[in-house]
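This is what each chain is made of:
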Amino acid sequence: MGISQWHFHTIYQSNCYPKIYFVFKTMITLSLPSPAQPLLPPSSKTLNPSRQNIIPSSDSLKNPNFEPLKNRLIRQLDVGHFRHAISTLDLMTQQNAPPDLTTYSILLKSCIRFRNFQLGKLIHRKLIQSRLDSVLLNTLISLYSKCGDTETARSIFEGMGNRRDLISWSAMVSCFANNSMELQAISTLLDMLELGSYPNEYCFTALIRASSNAKYSWIGEIIYGSVLKTGYFEVDVCVGCELIDVFAKSSGDLGSAYKVFEEMPERNLVTWTLMITRFAQLGCARDAINLFLDMELSGYAPDRFTYSSVLSACTELGLLALGKQLHSRVIRFGLALDVCVGCSLVNMYAKCTADGLVNDSRKTFDQMPAHNVMSWTAIITAYVQSGECDKEAIELFCRMISGQIQPNQFSFSSVLKAYIGFAKHGFAARALEMFRKMLETGTKPNEITFVAALSACSHVGVISEGRKHFNSMYKVHGIVPRMEHYACMVDLLGRSGLLIEAMEFINSLPFMANALVWRPLLGACRVHGNTELGKHAVEMILEQEPDDLAAYILLSNLHASAGQERRG
């Protein structure tokens with residue numbers, strides 16, 4: 001670990017963020033050249049000192065079959081015909097024309113491109129005793145990065161020693177950034193600067209990606225200034241896209257994200273779609289639609305991702321007429337059968353009218369030639385949201401899993417809600433069984449899933465299991481309970497007659513309980529005849545929501561029940 005990396009780790013562990021800011025900004029500022037001193041990459045001689053000494057064997061060069069076989073191999077790799085390529089590789093060896101390192105490099109890059117990581121690892125084993133140049137080693141770093149083996153990638157990088165070049169550093173920063181190891185990515189860049197290497201556009205793009213979360217968003221702001229200073233913002237559209245996400249995804253700062261978008265000297269379809277998508281995702285649906293119109297006026301043709309995002313914006317605003325116009329267009333352009341567009345259409349028809357156009361949603365779903373977990377979840381959710389089609393939602397879920405489609409947390413959440421809707425018919429127990437299966441398959445539950453599971457526990461009356469799931473939310477799954485989860489627990493305890501324990505639970509909340517938590521306690525007090533505690537619950541509800549008529553009615557019913565008991 002380099003000196004800068006050690007300092008960074010030490011400062012980070014002590015939570016001294018101002019010091020981190022100072023260290024990082026100082027190193028970036030002092031290390032990078034000013035615009036008057038354009039950043040020039042080192043010469044190829046400096047970058048690859050060993051590469052010039054690595055050439056094919058003289059036998060291979062003299063063999064007339066070498067170049068034709070090599071060209072055949074490259075053509076086969078270009079179209080992903082790995083079996084034919086391996087046969088050609090064997091033939092080269094048999095004819096005393098073994099592949100050179102350039103050929104192996106092309107082979108490894110094809111393995112990355114077509115995600116045939118197992119073959120890439122086998123090639124690495126074959127080369128383990130060879131002296132490899134930096135090009136091959138950099139490709140191996142990328143290979144192990146793509147398959148998530150960061151330790152092997154790091155080992156190769158550290159073993160390169162003085163053969164590390166700018167591409168090596170960029171590959172390693174990208175490896176950490178792409179595998180959610182943001183701190184290591186940032187630390188690696190600091191080491192790179194300390195050793196005198198200047199980041200290129202790929203390195204900046206990876207570092208910006210590592211800063212695209214709330215924890216490191218301040219680093220993204222520093223990098224913004226750096227890419228402007230070095231000129232990479234103007235020459236690489238990917239840098240601008242990553243900067244948009246630094247502001248949009250990490251802190252929800254759409255104003256700064258849009259400023260980056262506006263200042264980009266060059267925009268392409270990806271850039272426009274990214275900005276439209278972030279507007280749609282972060283509650284600015286009208287801005288998303290306006291930007292979509294601007295994009296079309298600028299001469300860009302929307303693709304399936306653009307249409308998917310703008311349809312979601314229409315759904316958010318309830319603009320069914322515009323959504324139908326867009327539906328007609330995607331049919332005309334042959335995009336209606338795409339899964340992403342289809343899911344957005346299913347969702348739009350389900351949400352954009354008061355009665356929920358489930359028939360239109362189902363028609364769109366049935367027209368899709370192939371389905372994945374996204375499309376199944378969209379139609380299941382559409383049926384659940386309609387309020388009266390829980391049985392159909394459950395049947396669709398059963399069809400999905402019978403077709404070997406593995407449910408995700410959202411499909412589980414929807415079907416759990418459907419089972420809860422059937423609770424009075426004994427389906428809450430089925431919902432709990434479904435939740436257990438979900439955990440067994442390793443599918444990570446989300447906040448909505450836990451609301452459904454805790455509600456099921458309440459309907460079934462399994463207090464111990466309810467407590468177990470509630471306690472596991474943060475301890476096991478890292479989900480901070482919200483007011484809805486606390487309300488479910490109060491309902492569970494109240495239904496079981498544990499009113500005092502429910503009250504103690506409310507008093508232990510880390511924040512002030514709102515009416516959502518007090519209402520199930522009031523309902524339980526009415527069922528179990530606890531007038532005093534019920535009056536307290538009503539007072540707490542009316543203190544926060546003075547116009548809550550339902551609370552007055554429940555209190556009246558509570559007094560009426562108590563009066564009947566006294567007369568009886």
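Basis of the calculations
Residues numbered from 1 in each chain as written. Predicted model: local features only at pLDDT ≥ 70, side-chain atom pairs only at ≥ 80, totals over all residues. Heavy atoms only, no water. 1 Å grid on protein atoms, 1.4 Å probe; cavity = no way out; pocket = protein on both sides within 12 Å on 5 of 7 lines; lining within 4 Å. Points joined across faces, edges and corners; volume = space filled by probe spheres on them. Nonpolar A, V, L, I, M, F, W, Y, C, P; charged D, E, K, R; others polar. Patch = residues over 30% accessible without salt bridge, like charges linked within 9 Å, V, L, I, M, F, W, Y side chains within 5 Å. Areas by Shrake-Rupley, 256 points an atom, 1.4 Å probe, with all protein chains shown as cover. Salt bridge = Lys/Arg side-chain N within 4 Å of Asp/Glu carboxyl O. Buried < 20%, exposed > 50% of the residue type's maximum accessible area, 1.4 Å probe, protein only. Helix = DSSP H or I, 4+ residues; strand = E, 2+ residues; numbered from the N terminus. Phe/Tyr/Trp six-rings, centres within 6.5 Å; stacked < 30°, edge-to-face > 60°. Contact = heavy atoms within 4.5 Å. Core = buried A, V, L, I, M, F, W, Y, C linked by side-chain atoms within 4.5 Å. Arc of directions from axis to C-beta. pLDDT = per-residue confidence, 0-100. Axes fitted to C-alpha atoms, helices over the stretch in contact; angles between N-to-C directions. Parallel < 35°, antiparallel > 145°, perpendicular 65-115°, else oblique. Left-handed = near helix turned anticlockwise from the far one by under 90°.

Applying the stated rule across the entire model yields one cavity of 30 Å³ or more. Computed from the structure, the largest cavity encloses a volume of approximately 30 Å³. If you trace the largest cavity, you find it lined by Phe233, Glu234, Val235, Asp236, Val237, Met264, Pro265 and Glu266. Looking at the lining of the largest cavity residue by residue, the classes come out as five nonpolar, no polar and three charged.

The grouping of Leu549, Tyr552 and Ile553 at the surface amounts to a nonpolar patch, some 320 Å² of accessible area in total. Note on Leu549: relative accessible area 58%, which makes it exposed.

Under the criterion given, the structure shown has 14 salt bridges. For Arg209, the salt bridge goes to Glu242, with nearest N and O atoms at 3.2 Å. Remark: Glu242 occurs in helix α16 (residues 237-251) and Arg209 occurs in helix α13 (residues 201-210); sequence separation between them is 33 residues. For Glu545, the salt bridge is made with Arg519, and the minimal N-O distance between the two is 2.7 Å. With Glu545 in the loop between α33 (531-544) and α34 (549-567) and Arg519 in helix α32 (residues 515-528), this pair connects stretches of sequence that are 26 residues apart. Among the charged side chains, a network of salt bridges with common partners joins Glu447, Arg482 and Glu484.

So, on to the packing of aromatic side chains. Describing an aromatic ring pair means giving the distance of the ring centres and the angle of the ring planes. With the rule as written, the count across this model stands at 17 aromatic pairs. Relative to Phe511, the ring of Tyr486 lies with its centre 5.4 Å away and its plane at 90°, an arrangement referred to as edge-to-face. Residue Tyr486 is found in helix α30 (residues 483-495), and its partner Phe511 is found in the loop between α31 (499-507) and α32; the two are separated by 25 residues along the sequence. Using a relative accessible area of 9% as the deciding quantity, one classes Tyr486 as buried. Taking relative accessible area as the criterion, Phe511 reaches 33% and is therefore assigned partly exposed. Three or more aromatic residues link up through ring pairs in this structure, and these residues are Tyr258, Phe261, Trp272, Phe279 and Tyr300.

Mapped onto the secondary structure, Thr139 falls in helix α9 (residues 134-146). Among all residues touching Thr139, those that are not within four sequence positions of it are Ser105, Leu108, Lys109 and Ile112.

A separate point is the layout of surface pockets. Considered as a void within the structure, the largest pocket measures approximately 950 Å³ in volume. Lining the largest pocket we find 27 residues, and of these Ser312, Cys343, Asn347, Lys351 and Thr381 sit closest to its centre. Elements with a minimum of two residues in the lining of the largest pocket: α18 (269-281), α20 (304-317), α22 (339-351), α24 (373-385) and α26 (409-421). The residue inventory of the lining of the largest pocket, partitioned by class, reads nine nonpolar, 15 polar and three charged.

Moving on to the environment of His528. Inspection of the secondary structure assignment puts His528 in helix α32. As a C-alpha pair, His528 and Leu499 span 29 residues in sequence and 8.6 Å in three-dimensional space. For His528, the contacting residues outside a window of four places in its chain are Gly494, Arg495, Ser496, Gly497 and Leu499.

Another aspect to go through is the environment of Ser174. Residue position: Ser174 is located in helix α11 (residues 166-178). Given the relative accessible area of 17%, Ser174 is considered buried. The spatial distance from the C-alpha of Ser174 to the C-alpha of Cys203 is 6.9 Å, given a sequence separation of 29 residues.

Counting 99 residues, the largest nonpolar core has Ile123, Leu140, Ile141, Val227, Leu243, Ile244 and Met275 as the members making the most contacts within it. Counting residues in each nonpolar core, the second largest holds 71 residues, with Ala350, Ala456, Ala537 and Leu555 among its members.

Bringing the environment of Phe82 into the picture now. Tracing the chain through its elements places Phe82 in helix α6 (residues 82-94). Residue Phe82 is classed as buried on the basis of its relative accessible area, which comes to 11%. Along the chain, Phe82 and Leu119 lie 37 residues apart, while their C-alpha atoms are 8.9 Å from each other.

The next point concerns α31. Within α31 the residues assigned to the buried category are Leu499, Ala502, Met503, Phe505 and Ile506. Axial view of α31: buried residues confined to an arc of 160°, hence all on one face. In this structure, α31 carries Ile500, Glu504 and Asn507 as exposed residues pointing more than 90 degrees from its buried face. As for α31, its buried residues are in contact with α29 (463-475), α30, α32 and α33.

For the rest of this paragraph, the subject is the confidence of the model for the protein chain. On average, residues of the protein chain carry a pLDDT of 83, and 86% of them reach 70 or more. Scored below 50 in pLDDT, residues 1-20 makes 30 contacts in the model with residues more than four places away or belonging to other chains. Taken as a whole, residues 34-55 scores under 50 in pLDDT and shows 27 contacts with residues more than four places along the chain or in a different chain.

It is worth spelling out the packing of α18 against α20 at this point. Where α18 contacts α20, the axes come no closer than 9 Å and their chain directions differ by 20°. The orientation of α18 with respect to α20, classified from their angle, is roughly parallel. The chirality of how α18 crosses α20 is left-handed. On α20, the residues that touch Leu269, Thr273, Ile276, Thr277 and Ala280 of α18 are Phe305, Thr306, Ser309 and Ala313. Grouping the constituent residues of the contact of α18 with α20 by class yields five nonpolar, four polar and no charged.

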